Amino acid sequence: MKHDDSGSREVHKSLCSAWILSMWSIRVTRALATMLGNIRRVLRMVKPSKMMTSASGQTEKRAHCTSIQLLHDCLVVNHEEQQMHVSYVWLRDHCCDSYNSVTHQRSLDTAAIDLAIRPQSASVEEDRLVITWPGGHVSSYSFKWLTENSYQEVKRKTVQPRILWNKDVYENANIASAKWDTFMKSDDELKTFLQNYLLYGIAFVDDVPATVEATEAVSQRVSLIRETTYGKMWCFTSDLSRGDTAYTNMALDRHTDTSYFHEPCGIQVFHCLKHEGTGGRTLLVDGFYAAEKLRERSPENFELLTRVPIRHEYIEVSETHKNHISSMGPVLSVYPWNREVYQIRYNNYDRAAINTIPHELVQRWYAAHRQLTTELCRPENELWVKLTPGMVIFIDNWRVLHGREAFTGLRQLCGCYLTRDDVLSVARGFGLKA
Ligand SMILES: [Fe+2]
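Here the structure is a predicted model, which is why all the values come from computation and not from measurement.

Each value, and the rule that gives it
- Residues numbered from 1 in each chain as written.
- Predicted model: local features only at pLDDT ≥ 70, side-chain atom pairs only at ≥ 80, totals over all residues.
- Helix = DSSP H or I, 4+ residues; strand = E, 2+ residues; numbered from the N terminus.
- Buried ≥ 20, exposed ≤ 12 C-beta atoms within 10 Å, placed from the backbone.
- Contact = placed C-beta atoms within 7 Å.
- Pairing = 2+ DSSP bridges.
- pLDDT = per-residue confidence, 0-100.
- Axes fitted to C-alpha atoms, helices over the stretch in contact; angles between N-to-C directions.
- Arc of directions from axis to C-beta.
- Expected span 1.5 Å × (residues − 1).
- Parallel < 35°, antiparallel > 145°, perpendicular 65-115°, else oblique.
- Nonpolar A, V, L, I, M, F, W, Y, C, P; charged D, E, K, R; others polar.
- Left-handed = near helix turned anticlockwise from the far one by under 90°.

## Notes on the overall build of the protein chain
- Scanning the protein chain for helices and strands turns up 12 helices and 26 strands.
- Taken across its 434 residues, the protein chain has 26% of its residues classed as buried.
- Taking as baseline every contact in the protein chain between residues at least 6 positions apart, the subset at least 24 positions apart corresponds to 71%.

## Points about the pairing of strand β19 (residues 309-317)
- For β19 and strand β20 (residues 322-330), the ladder comprises 9 bridges, and the chain directions are antiparallel. The partner of histidine 312 across the bridge, within β20, is serine 327.
- Where β19 folds back on β20, the antiparallel hairpin that results is connected by 4 residues.

## Overview of the environment of proline 119
- Within the secondary structure, proline 119 is located in the loop between β8 (105-106) and β9 (121-125).
- According to the C-beta neighbour criterion, proline 119 is partly exposed, with 18 such atoms within 10 Å.
- C-alpha of proline 119 to C-alpha of arginine 92: the two residues are 27 residues apart in sequence and 9.0 Å apart in space.
- Non-local contacts of proline 119, meaning those with residues more than four positions away in its chain, are made with Leu70, Tyr88, Ile131, Thr132 and Trp133.

## Quick notes on the confidence of the model for the protein chain
- Residues of the protein chain with pLDDT of at least 70 account for 84%, and the chain-wide mean is 86.
- In the predicted structure, residues 1-16 sits below a pLDDT of 50 and forms 0 contacts with residues beyond four places in sequence or in another chain.
- Contacts for the low-pLDDT stretch residues 18-26, under 50 throughout, to residues beyond four places or in other chains number 0 contacts.

## Some words on unusual backbone geometry
- The phi torsion at glutamate 80 lies on the positive side, around 50°, for a residue other than glycine.
- If you trace the backbone, glutamate 80 turns up in the loop between β5 (74-79) and β6 (82-87).
- Residues other than glycine seldom take positive phi values, yet histidine 104 does so here, at roughly 55°.
- The topology assignment puts histidine 104 in the loop between β7 (99-100) and β8.
- The exposed category is assigned to histidine 104, around which 7 C-beta atoms lie within 10 Å.

## Some remarks on the sheet that holds strand β10 (residues 128-132)
- Taken together, the 3 strands give an open sheet; going across it, the order is β9-β10-β11, and neighbouring strands pair in antiparallel fashion. What marks the edges here is a single partner per strand, and that holds for β9 and β11 (138-142). Direction aside, neighbouring strands of the sheet carry axes that sit 20° apart on average.
- Sheet topology note: the β10/β11 ladder contains 5 bridges and is antiparallel. Bridging from a neighbouring strand, valine 130 pairs with serine 140 of β11.

## Regarding the environment of threonine 419
- Assignment of secondary structure puts threonine 419 in the loop between β26 (410-418) and α12 (420-429).
- Each C-alpha atom of the pair threonine 419 and arginine 226 lies 5.5 Å from the other, and the pair is 193 residues apart in sequence.
- Excluding its chain neighbours within four sequence positions, the residues that come into contact with threonine 419 are Ser223, Leu224, Arg226 and Gly266.

## What to know about helix α10 (residues 299-307)
- Of all the residues in α10, the buried ones are Phe302, Leu304 and Leu305. For α10, the angular spread of buried residues about the axis comes to 160°, placing them on one side. Of the residues in α10, the exposed ones pointing more than 90 degrees away from the buried face are Pro299 and Glu300.
- Structurally, α10 contributes buried residues whose contacts are with α9 (287-297), β20, β21 (332-334) and α11 (359-376).

## As for helix α7 (residues 187-200)
- Between the first and last C-alpha of α7 there are 20 Å, a value that for 14 residues agrees with the 20 Å anticipated at 1.5 Å per step.
- Buried within α7 are the following residues: Leu190, Phe193, Leu194, Asn196, Tyr197, Leu198 and Tyr200.

## As for the packing of α9 against α10
- Interaxial distance between α9 and α10 falls to 5 Å at its minimum, and their mutual angle equals 130°. When the interaxial angle is binned, α9 and α10 end up oblique. Listed contacts from α10 to Ala291, Leu294 and Arg295 of α9 are Pro299, Asn301 and Phe302.
- In terms of residue class, the contact of α9 with α10 is made up of 4 nonpolar, 1 polar and 1 charged.

## Observations regarding the sheet that holds strand β16 (residues 252-255)
- Ordered in space as β16-β25-β18-β23, the 4 strands form an open sheet in which the pairing is antiparallel. Edge positions in the sheet fall to β16 and β23 (383-385), since each of these pairs with one other strand and no more. Across the sheet, the mean angle separating the axes of adjacent strands is 20° when strand polarity is ignored.
- Pairing of strand β18 (residues 282-286) with β23 involves 3 bridges; the strand directions are antiparallel. Along β23, the bridge assignment pairs threonine 282 with valine 385.
- Contacts between α9 and the sheet are confined to β18 and β25 (400-404), with β18 contributing the most and set at about 40° to the helix.

## Describing the packing of α9 against α11
- Running from N to C, α9 and α11 cross one another at 125°; their axes reach a closest spacing of 9 Å. By the criterion of interaxial angle, the relationship of α9 to α11 is oblique. Crossing hand, α9 versus α11: right-handed. In this structure, α9 uses Gly287, Ala290, Lys293 and Leu294 to contact α11, whose residues at the interface are Gln371, Leu372, Glu375 and Leu376.
- Classifying every residue of the contact of α9 with α11 by side-chain character gives 4 nonpolar, 2 polar and 2 charged.

Encoded structure:
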């Protein structure tokens with residue numbers, strides 16, 4: 001019996017092992033089949049990218065391919081050696097049919113898209129991604145457009161190319177000033193002027209008649225004038241007619257204007273119509289150059305100045321003017337996706353009481369602000385210019401700080417502010433990257 005029992009146990013063991021083995025084989029076979037199916041599915045979506053014609057006229061095939069893969073929550077696109085993850089709801093929202101081609105406005109009700117939408121099918125057709133959605137709607141996107149509008153691509157690109165400068169860099173660049181006669185008539189001259197302005201944050205027009213009217217005309221040649229509490233065109237001497245240090249003959253330290261506006265004025269225009277006396281040179285400092293030096297030398301101080309909002313204000317109480325303007329903003333503003341600086345607010349005159357920084361950060365904020373001030377005040381970063389009648393300067397007030405040497409005698413200055421959005425719009429109209 002003992003022998004018989006052990007024999008039946010052996011048989012039972014063998015049967016169990018055979019069953020386990022067969023189940024395992026079935027599972028492995030199924031897994032392999034699924035894997036092969038997926039590989040075939042991906043391969044079906046892989047198409048060589050378009051044929052390219054070389055400079056010699058020979059047609060050559062690009063080494064890389066375009067492939068797509070449908071995942072549960074997004075589409076993975078491999079194109080031109082770059083991988084992009086594209087959300088399905090984003091793809092549906094950006095279907096070309098969602099735009100009115102005449103108005104260049106979105107015509108689709110984004111809120112009507114099912115947030116859990118998934119394509120019924122997707123394929124690569126030549127250089128385009130074609131998606132069929134549930135319900136039969138078909139969307140098509142060029143891979144070039146998808147790449148240009150991918151987060152990865154935008155993240156590594158500069159929004160506005162610039163040449164950062166100190167005194168030597170700017171002077172060695174030998175930028176020619178525009179000339180009034182041609183500037184007022186020639187679009188090429190205006191385009192060159194705008195390109196210089198975008199790259200350096202300052203640009204000049206020479207030979208302008210020394211009048212308020214001509215200054216207004218040359219400003220309007222660039223864009224719209226922004227009217228503020230100082231009027232549309234302002235003209236001042238050291239008569240303290242307004243409650244601002246600018247209306248004295250005292251020196252003015254480097255600063256940006258109208259930091260107390262939620263949107264500080266974009267462009268500052270100055271024209272010295274008359275000066276019978278000494279001093280009065282204009283100081284210019286590239287704030288972005290100083291900010292980048294700060295980022296290089298102390299990234300944590302740079303980051304702190306981008307994160308902490310502070311208040312600026314302008315209070316004026318007189319017979320003729322009553323103003324209390326106040327706004328909040330960090331000293332350095334950066335685009336969140338690429339950390340590119342797009343605005344500096346630096347005005348020690350108009351900085352209000354600091355009450356927006358918790359105690360444990362105040363000391364660190366002052367240290368960071370001091371280090372930025374040190375960079376802004378380095379003599380090698382200061383460009384001094386003597387403005388003379390006929391010479392009109394345009395200053396990017398979101399980038400370049402200005403100041404003034406003390407002066408004697410009668411000095412009459414006129415100018416205005418331009419709206420930044422409109423200046424950039426004019427530049428884009430010329431095909432410039434702005
Ligand atoms: Fe100013």
